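Here is what each chain is made of, one letter per residue.
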Amino acid sequence: MQREQMLEELSKIVGKENVLSSETDLLLYGYDASLFKGKPDCIAFPGSTQEVSEIVRFCHREKIPVIARGSGTNLSGGTIPTRGGVILHFSRMNKILEIDIENQRAVVETGLFTLALKNQLARHGYVYQPDPASEKVSTFGGNFAENSGGPHCLKYGVTTNHILGAEIVLPDGEVIQVGGKALDNPGYDLTGILVGSEGTLGIATQLTLRIMPKSEAVKTMLAIYNSLEDAGRTVSAIIADGIVPATLEILDKLTIKAVEESVHAGFPLDAEAVLLIEIDGLKDGMERLAERIMEICRKNHARDVKSAKTEAERTQLWAGRKGAFGAISRLRPNYLVCDGTVPRTKLPEVLVRVMEVSKKYNLTIANVFHAGDGNLHPLILFDERDEEELRKVHLAGSEIMKLCADAGGTISGEHGIGTEKMKEMFFVFSPQDIAAMRKVKKAFDPEDIYNPGKIFPEVQA
Amino acid sequence: MPRMEKLIPRLKEIVGEAHLIRDPDKLKACAVDGKRPQAILSPGTIGEVSKVVAYANEQSLTLLPMGNGTKMGMSGIPKKMDVVLSTLRLNRMTDCDCENLTLSAESGIPLGEVQKRLLQEGKGYFLPLDPPFTERATLGGIVATNSSGPRRLLYGTARDLIIGTKAVFPNGDVVASGGKTVKNVSGYDMCKLLIGSYGTLGILCEITFKLLPLPERVTTLLLPFVRLEEAVQFGREILQSQYLPSSIEILNEMVVKKIKSPIVQQGNYLVAIGLDGVAESIERQVSEIGERAKKSSALEIAVLASETHSSFWKAIRDFSEGLVEEGSNFISFKSNFLISRCGEVMGSYEKIAKESGVDCGLICHSGNGMLYSYVFAGKGVRSKKEFLLNLIREFSSVAVKNEGHLIVESCPPGIKKRIDVWGEPRGEYEIMRRLKKEIDPKGILNPGRFVGGI
Ligand SMILES: Cc1cc2nc3c(=O)[nH]c(=O)nc-3n(C[C@H](O)[C@H](O)[C@H](O)COP(=O)(O)OP(=O)(O)OC[C@H]3O[C@@H](n4cnc5c(N)ncnc54)[C@H](O)[C@@H]3O)c2cc1C
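Residues numbered from 1 in each chain as written. Chains lettered and ligands numbered in written order. Predicted model: local features only at pLDDT ≥ 70, side-chain atom pairs only at ≥ 80, totals over all residues. Heavy atoms only, no water.

1. Some points on the overall build of chain A
No. 1: What chain A contains, in helices and strands, is 16 helices and 18 strands.
No. 2: Since a compact globule built from 461 residues should have a radius of gyration of about 23 Å, the 22 Å found for chain A is in line with a globular shape.
No. 3: Each principal axis of the C-alpha distribution contributes one length, and for chain A these read about 65 × 55 × 40 Å.
No. 4: The proportion of buried residues among the 461 residues of chain A is 64%.
No. 5: When the accessible area of chain A is evaluated, it comes to approximately 16300 Å², of which 51% is carbon and sulfur surface. (Helix = DSSP H or I, 4+ residues; strand = E, 2+ residues; numbered from the N terminus. Rg over C-alpha atoms; globule rule 2.2 N^0.38 Å. Buried < 20%, exposed > 50% of the residue type's maximum accessible area, 1.4 Å probe, protein only. Areas by Shrake-Rupley, 256 points an atom, 1.4 Å probe, with all protein chains shown as cover.)

Below, the structure is given as structure tokens:
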């Protein structure tokens, strides 16, 4: 179809002012927080489910790819147009439709920022648990499609555990409701398969979320180490002791330095690692539990353990964690975040091996990660203008994924496969496993309209 | 059945002579809704399952996967069932990694057995699922039916606890999804598709769960109320509070009578609050929740000691098993609906039952909006058929009105023929049928038993 004609059709649906197509626009929506780039044919801003459905129906008829986009903060190339097509940008669909305290549910449009809902819930004394570090700007659509995690997911589970239903536009434009406010509807758990499907099976326009009362008490602690491995060992030991705190996050020396230069969280600059620990729940017994945790820290050679005495101190510690990626991006022009995840018992040995990769390729790697989940985030720093360095970065990234897979883990814990890790799918899956996933894709999207060129490795193993 | 005879030698070759059963009595015992299989096969490894399924697919032989058969009455009448594929020889715990708080086990092992063994590991662990048929239900059966119990309020259900599966798909492929990391977004979350799929997409062979250490202390508060509204209102108050109960059950009088309540029966509704946690928090919750209950006109505040606690919850979980043992004639239902509508739904069901002249027992997971109901039809169910069909329609419309569904969990085949046990169809069924078609194009797995004719 002619480009002009396509723009005209889309303008008819959403209005001329809600279609972008200049060269600059195509450049701006051709990248995300990953290292990849592509080029869409245009960008449309639908204002309702009806408009989404009409756009999709049109694209389906004309065989034009459709790529849903929230804030573009995903780290795996999830929103990169690999074959042109229409970017559906959800910024106009950003309302909280309902906060239903009685039923402990919220219903939101998918362009809403994660934190925006949380701020409203706080007024009711309620929380939506998943808390990706990007929550200030990440959208629920993105959280849904990536099955995002966050520091508090150790205790409360990831996004999939908190999405109970969705309004979905299928690749032929049909709108269906999956799941809902009530639990356990009969039939296949379509909500479950759609969460984490990276925009390749269905586009969500509304989500039904689980919300819960805020916990009565919370306690935040910081353990300081002279060795990163000891911090990792502490995490394994806490889990092995049968304690599941709300949070166990590790930041290494390089990260600490970057954080202190930008947000001043009060982390000691000479430490090799800090471990941020949070427990929550009822206040009773909390002191005793905190004491037990601190004891484990000391046993694993923490040189100091302290706890936040005031809400301000707690906020400061958290600012250090949440601002970590941002702070690191000031060190070098680019970074690649690896997302390999391992069984918690394997953390210490895997951390050592990641550092060996750093040495082998002579690349700087910073570590800031969801340790309690076994979810590593080695950040490889580089300058993309240096082609040789860039080449090494990709090799090192892949090698880290391999060593996580070999340790009984996986290649992505929360950032998704996207265009970035398609090849590496074979590190963890057999051709049969992938063939089964393709059947799911085929059932939803036989013509490969939604977000083509993602997840599935192009070649057979 | 000459065709079957031709296939037997190859099946025997795969699983071994001893593991292919054709004894008529045993086949009869495996009958589902009056239909009888022609053989029972018990493969001993995932490799054997794969071979059996691939061969069945090639020969268009229908398979009905079965563990201990505790839930065979659930779901629709089989369109066809040639062979029962028993998972009972797949009964190993393959990777018990308590330090990582995960367990991988084969699907044919009973949950009761798993819990017993976890109890002996280190400081004591458990798999936080408490579905019906405590002793006999196998992991595979529990997961395939997405079975759950009262403690789901605190611990969630299979979809929250499972991080990996290995299943044999209808073409014989062994398909793995997830693994033993608690977070995993590599590829589609195929585990979710298998949970609650009633054996229609694949044969679950191995499942990996998250584990938890045993809570320091557990206890139960029993609070009888005169009126349903009072009981429901109290449950809601606790749900909206910052307390962390593991369950908030509301039972009606009929159920309390049958389970032989550990306290002297009074009032018409019993609220049972389960508490798991550290000693200090249990103590405080017992005293504060008790205090609140007194103010909310509870007739008594009883705290159960640990042995009575266990037997009480077992009686609730295994309520339907108890009814079968005593030889009761009953039809049972599971309804889901909005959490805030427990009162409406329970009240309506009691009223409908009363108007129909039948007794009705109700067990409600009030914090989750799930209700299990048991209608006692007495003798001569057949003559009451129209009555019961009407009651089912009315129950169903109440559930739908409250944004849920009514699922008929057990009923005589005569009634089953006339209804859809899964309740009102929904818009998403078309996609489900497409999934089934892609994955099981010949329809060899459990045909006709699931939603929308799948
Ligand atoms: C500094 C920083 C910190 C981060 N921290 C975390 C973290 O702690 N945990 C974590 O898990 N991730 C984290 N991320 C990654 C990222 O923020 C998450 O993946 C987030 O959920 C993406 O949201 P988004 O709105 O930016 O989605 P996008 O990047 O716009 O889209 C992501 C994917 O979702 C699809 N999509 C978007 N909207 C829809 C829709 N309506 N329907 C269907 N599919 C849709 C897209 O097609 C794409 O595949 C971080 C990223 C950054 C840059």
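2. Notes on the side chain of Glu198 of chain A
No. 1: Among the structural elements, Glu198 of chain A can be located in the loop between helix H7 (190–194) and strand E10 (203–210).
No. 2: Although buried, Glu198 of chain A forms no salt bridge, and the nearest oppositely charged side chain, Lys421 of chain A, lies 7.1 Å from it.
No. 3: A distance of 2.7 Å separates the side chain of Glu198 of chain A from the backbone nitrogen of Ile417 of chain A, its partner in a polar contact.
No. 4: For Glu198 of chain A, the residues in contact, after removing those within four places along its chain, are Ala145, Glu146, Gly416, Ile417, Gly418, Asn451 and Ile455 of chain A together with Val185 of chain B. (Lys, Arg positive; Asp, Glu negative; His and termini not counted. Salt bridge = Lys/Arg side-chain N within 4 Å of Asp/Glu carboxyl O. Polar contact = N/O pair within 3.5 Å; in protein donor to acceptor, adjacent residues only side chain to side chain. Contact = heavy atoms within 4.5 Å.)

3. Here's the deal with empty space enclosed by the protein
Residue and element names in this part refer to chain B.
No. 1: All told, the structure shown has four cavities of 30 Å³ or more when counted by the stated rule.
No. 2: If you add up the space inside the largest cavity, you get close to 340 Å³.
No. 3: In terms of lining residues, the largest cavity is bounded by 25 residues, among which Pro65, Met66, Met72, Gly141 and Ala144 are the most central.
No. 4: Only strand E3 (63–66), helix H5 (139–144) and strand E10 (203–210) provide two or more residues apiece to the lining of the largest cavity.
No. 5: In terms of residue class, the lining of the largest cavity is made up of nine nonpolar, 14 polar and two charged.
No. 6: Residues from two domains meet in the lining of the largest cavity; each of domain 1 (3–88) and domain 2 (93–213) gives at least three.
No. 7: For the second largest cavity, the calculated volume is near 80 Å³. (1 Å grid on protein atoms, 1.4 Å probe; cavity = no way out; pocket = protein on both sides within 12 Å on 5 of 7 lines; lining within 4 Å. Points joined across faces, edges and corners; volume = space filled by probe spheres on them. Nonpolar A, V, L, I, M, F, W, Y, C, P; charged D, E, K, R; others polar. Domains from an automatic or database assignment.)

4. As for the domain arrangement of chain B
Residue and element names in this part refer to chain B.
No. 1: Its domain assignment divides chain B into domain 1 (3–88), domain 2 (93–213), domain 3 (217–317) and domain 4 (319–416).
No. 2: Summarising the inter-unit geometry, the C-alpha centres of domain 3 and domain 4 are found 23 Å apart.
No. 3: Between domain 3 and domain 4, the residue contacts involve 17 residues of the former and 20 residues of the latter.
No. 4: Taking both partners together, domain 3 and domain 4 bury about 1500 Å²; carbon and sulfur atoms supply 58% of that area.
No. 5: Together, Ile250, Met254 and Lys258 form the three largest contributors to the area buried by domain 3 at its contact with domain 4, with a combined 29%. (Buried area = accessible area lost by both parts, 1.4 Å probe.)

5. Quick notes on the packing of aromatic side chains
No. 1: By the definition in use, this model includes 15 aromatic pairs over all chains.
No. 2: Measuring from centroid to centroid gives 5.2 Å for Phe312 of chain B and Trp313 of chain B, while their planes differ by 80 degrees, and the two rings are edge-to-face.
No. 3: Under the relative-accessibility criterion, Phe312 of chain B is labelled buried at 3%.
No. 4: Members of the aromatic cluster, connected to one another through ring pairs, are Tyr188 of chain A together with Tyr198, Trp422 and Phe450 of chain B.
No. 5: Positioned over the ring face of Phe427 of chain A is Lys402 of chain A, at 5.5 Å from the centre of the ring.
No. 6: Lys258 of chain B extends its terminal NZ or CZ atom over the ring of Phe376 of chain B, reaching a point 4.7 Å from the ring centre. (Phe/Tyr/Trp six-rings, centres within 6.5 Å; stacked < 30°, edge-to-face > 60°. Lys NZ or Arg CZ within 6 Å of the ring centre and 35° of its normal.)

6. Some thoughts on the interface of chain B and chain A
No. 1: With 77 residues of chain B in contact, the opposing surface of chain A contributes 86 residues.
No. 2: Taking both sides of the interface into account, the surface hidden between chain B and chain A amounts to around 6800 Å²; carbon and sulfur atoms contribute 54%.
No. 3: The salt bridge involving Lys183 of chain B is made with Asp373 of chain A; its shortest N-O contact spans 3.7 Å.
No. 4: Inspection of the chain B/chain A interface yields 33 residue pairs in polar contact (both at pLDDT 80 or more).
No. 5: No other element matches helix H17 (residues 429–439) of chain B, which puts eight residues into the side of chain B that touches chain A.
No. 6: Counted by class, the side of chain B that touches chain A contains 33 nonpolar, 22 polar and 22 charged residues.

7. Digging into the site of the ligand
Residue and element names in this part refer to chain A.
No. 1: Residues in close proximity to the ligand total 35 residues, the closest being Ala68, Gly70, Thr73, Ser134 and Thr139.
No. 2: Ser71 is positioned such that a nitrogen or oxygen atom in its backbone is 2.9 Å from an oxygen atom of the ligand.
No. 3: With respect to the ligand, the side chain of Thr139 contributes an N or O atom lying 2.6 Å from an oxygen atom.
No. 4: Within the complex, 95% of the 980 Å² of free accessible area of the ligand lies under protein. (Near = heavy atom within 4 Å.)

8. Here we look at the sheet that holds strand E5 (residues 96–100) of chain A
Residues and elements named next belong to chain A.
No. 1: With antiparallel pairing, five strands are arranged side by side in an open sheet as E5-E6-E10-E8-E9. Of all the strands in the sheet, just E5 and strand E9 (175–179) have a single pairing partner and so form its edges. Strand after strand, the sheet turns through a mean of 10 degrees between neighbouring axes, direction not considered.
No. 2: Here E5 pairs with strand E6 (residues 105–109) via four bridges, running antiparallel. If you follow Glu98 over to E6, its bridge partner there is Val107.
No. 3: Across the face of the sheet, helix H3 (residues 49–62) comes into contact with strand E8 (163–169), E9 and E10 while running at roughly 50 degrees to E8. (Pairing = 2+ DSSP bridges. Axes fitted to C-alpha atoms, helices over the stretch in contact; angles between N-to-C directions.)

9. A closer look at the domain arrangement of chain A
Residue and element names in this part refer to chain A.
No. 1: Examined at the domain level, chain A breaks down into domain 1 (3–89), domain 2 (96–213), domain 3 (217–324) and domain 4 (332–406).
No. 2: The distance between the C-alpha centroids of domain 3 and domain 4 comes to 22 Å.
No. 3: Taken together, the contacts link 16 residues of domain 3 with 16 residues of domain 4.
No. 4: Carbon and sulfur atoms make up 67% of the area that domain 3 and domain 4 hide from each other, which totals about 1300 Å².
No. 5: Counting the surface domain 3 buries against domain 4, the share from its top three residues, Leu228, Ile250 and Leu254, is 30%.
No. 6: Remark: the boundary between domain 3 and domain 4 carries zero salt bridges.
No. 7: The tally of links between domain 3 and domain 4 comes to seven residue pairs in polar contact (both at pLDDT 80 or more).
No. 8: Residue assignment for the side of domain 3 that touches domain 4 shows that the elements contributing at least two residues are helix H8 (228–240), strand E13 (247–252) and helix H9 (253–262).
No. 9: Element by element, the count of residues in the side of domain 3 that touches domain 4 is highest for H8, at seven residues.
No. 10: Of the residues contributing to the side of domain 3 that touches domain 4, the split by class is eight nonpolar, three polar and five charged.

10. Describing the pattern of salt bridges
No. 1: Following the criterion strictly, the structure yields 68 salt bridges over all chains and no others.
No. 2: A salt bridge links Lys63 of chain A to Glu447 of chain A, with the shortest nitrogen-to-oxygen separation between them at 3.4 Å. One end of the pair, Lys63 of chain A, is in the loop between H3 and strand E3 (66–69); the other, Glu447 of chain A, is in the segment after helix H16 (431–444), with 384 residues separating them in the sequence.
No. 3: Close ionic contact of Asp284 of chain A with Arg284 of chain B constitutes a salt bridge, the shortest N to O distance being 2.4 Å. With Asp284 of chain A in the loop between strand E14 (273–281) and helix H10 (286–299) and Arg284 of chain B in helix H11 (residues 279–295), this residue pair bridges two chains. Neither Asp284 of chain A nor Arg284 of chain B differs from the other in exposure class; each is buried.
No. 4: Via salt bridges that share partners, Glu216, Lys283 and Asp284 of chain A together with Arg284 and Glu288 of chain B belong to a single interconnected network.

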